[in-house]
Amino acid sequence: MSIQQTLSIIKPDATKRNLTGKINSKLEESGLKIIAQKRILLSKAQAKDFYKVHQERPFYDDLVKFMISGPVVVQVLEGENAVSKNREVMGATNPAEAEEGTIRKEFAVSLEANSVHGSDSLENAKIEISFFFSRIELVS
Ligand code: IDP
Ligand code: MG
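Notes on the structure follow. All figures in this text were calculated on a predicted structure; none of them were measured in a lab.

1. Some points on the site of ligand 1
And then number 1: Lining the immediate surroundings of ligand 1 are Lys-11, His-54, Phe-59, Leu-63, Arg-87, Thr-93, Arg-104, Leu-111, Glu-112 and Asn-114.
And then number 2: Contact distances for ligand 1 include 2.9 Å between an oxygen atom and a side-chain N or O atom of His-54.
And then number 3: Note that an oxygen atom of ligand 1 is positioned 2.8 Å from one of the side-chain N or O atoms of Arg-87.
And then number 4: Contact with the protein chains covers 78% of the free accessible surface of ligand 1, which is 520 Å².
And then number 5: Taken together, the residues of the shell around ligand 1 sort by class into 3 nonpolar, 3 polar and 4 charged.

2. Description of the environment of Ile-10
And then number 1: Mapping Ile-10 onto the fold places it in strand β1 (residues 3-10).
And then number 2: Sequence-wise, Ile-10 and Gln-55 are 45 residues apart; in three dimensions their C-alpha atoms are separated by 21 Å.

3. Notes on the nonpolar core
And then number 1: Formed by 20 residues in total, the largest nonpolar core has its most connected members in Leu-7, Ile-9, Met-67, Val-76, Phe-132 and Phe-133.
And then number 2: At 5 residues, the largest contribution of residues to this core is made by helix α4 (residues 60-67).
And then number 3: Discounting residues that sit within four places of it in the chain, Met-67 has contacts with Ile-9, Lys-11, Pro-12, Leu-42, Ala-47, Tyr-51 and Val-72.
And then number 4: Ile-23, Ile-34, Leu-77 and Val-116 belong to the second largest nonpolar core, which has 15 residues in total.

4. Focus on the sheet that holds strand β3 (residues 72-80)
And then number 1: With respect to topology, 4 strands assemble into an open sheet ordered β2-β3-β1-β4, the strand pairing being antiparallel. Where the open sheet ends on each side, the last strands, each with one partner, are β2 (33-40) and β4 (116-118). Taking the axes of each pair of neighbouring strands and ignoring which way they run, one obtains an average angle of 20 degrees across the sheet.
And then number 2: Bridge count for β2 against β3 is 7 bridges, and the pairing is antiparallel. Across the sheet, Ile-40 pairs through a bridge with Val-72, a residue of β3.
And then number 3: Those strands touched by helix α5 (residues 82-90) are β1, β3 and β4, and its axis lies near 35 degrees from that of β1.

Each value, and the rule that gives it
Every chain is numbered independently, its residues counted from 1 as its sequence is written. Lettering for chains starts from A, numbering for ligands starts from 1, and both go in the order in which the items are written. Totals for whole chains, interfaces and linings use every residue, but because this is a predicted model, local features are given only for residues with pLDDT of at least 70 and side-chain atom pairs only at 80 or more, for both listing and counting. Only hydrogens and water are set aside when side-chain values are computed; all heavy atoms of the structure are taken into account. Throughout this document, a residue counts as near a molecule or strand when at least one of its heavy atoms sits within 4 Å of that molecule or strand. Residues adjacent in sequence count toward polar contacts only when both atoms are side-chain atoms; beyond that, a polar contact is any pair of N or O atoms within 3.5 Å, and within protein one must be able to donate a hydrogen and the other to accept it. All accessible-area figures derive from a Shrake-Rupley calculation using a 1.4 Å probe, and residue coverage is judged against the displayed protein chains alone. Residue type decides the class: Asp, Glu, Lys and Arg count as charged, Ala, Val, Leu, Ile, Met, Phe, Trp, Tyr, Cys and Pro as nonpolar, and the leftover types, Gly among them, as polar. Elements are defined by DSSP. Helices are runs of H or I of four residues or more, strands are runs of E of two residues or more, and each kind is numbered from the N terminus. Residues enter a nonpolar core if they are buried and are Ala, Val, Leu, Ile, Met, Phe, Trp, Tyr or Cys, with the set joined through side-chain atoms within 4.5 Å. To sort residues, take the accessible area from a 1.4 Å probe on protein chains only and compare it with the maximum for the residue type: under 20% means buried, over 50% means exposed, and anything in between is partly exposed. Every residue pair with non-hydrogen atoms within 4.5 Å of one another is taken to be in contact. When DSSP finds two or more bridges between two strands, those strands count as paired. Angles run from 0 to 180 degrees between N-to-C directions of axes, and those axes are lines fitted to C-alpha atoms, restricted for helices to the stretch in contact.

The following block contains the structure:
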């Protein structure tokens, strides 16, 4: 067990439906601590860059359009095994396959508009956190 940090994004489908607080409650109830948070509107270039690992996938262009269709809340979560803990709380990518009680089961609209992003490894968490936050913005 170790204390980790991971990047979370509340996606436009959720900010548009005013679900930031409800999603934050789920994160906090799981024991994760929100140690940095800001609401921003991504530019197309930023969204393309953030999701560049998916640039060869058929859903890439639509995903980028979706991610710039409204505000997102980017946040850093900290806690025991935060990377996998957050993935657990988020639920499966496809909400139809997500477990009861997970954020995506409760709030997601579709496979694309699935309400939250979470880093998938500790290595990617570090890269994704530094994409949005500087060290002085992280208050443990
Ligand atoms: P993850 O968010 O659970 O890590 P990824 O496979 O990394 O899932 O995909 C990134 C995001 O791309 C998903 O959260 C979802 O918004 C979108 N996405 C993934 N697969 C599809 C698809 O088959 N069709 C449309 N959008 C998709
Ligand atoms: Mg992913």
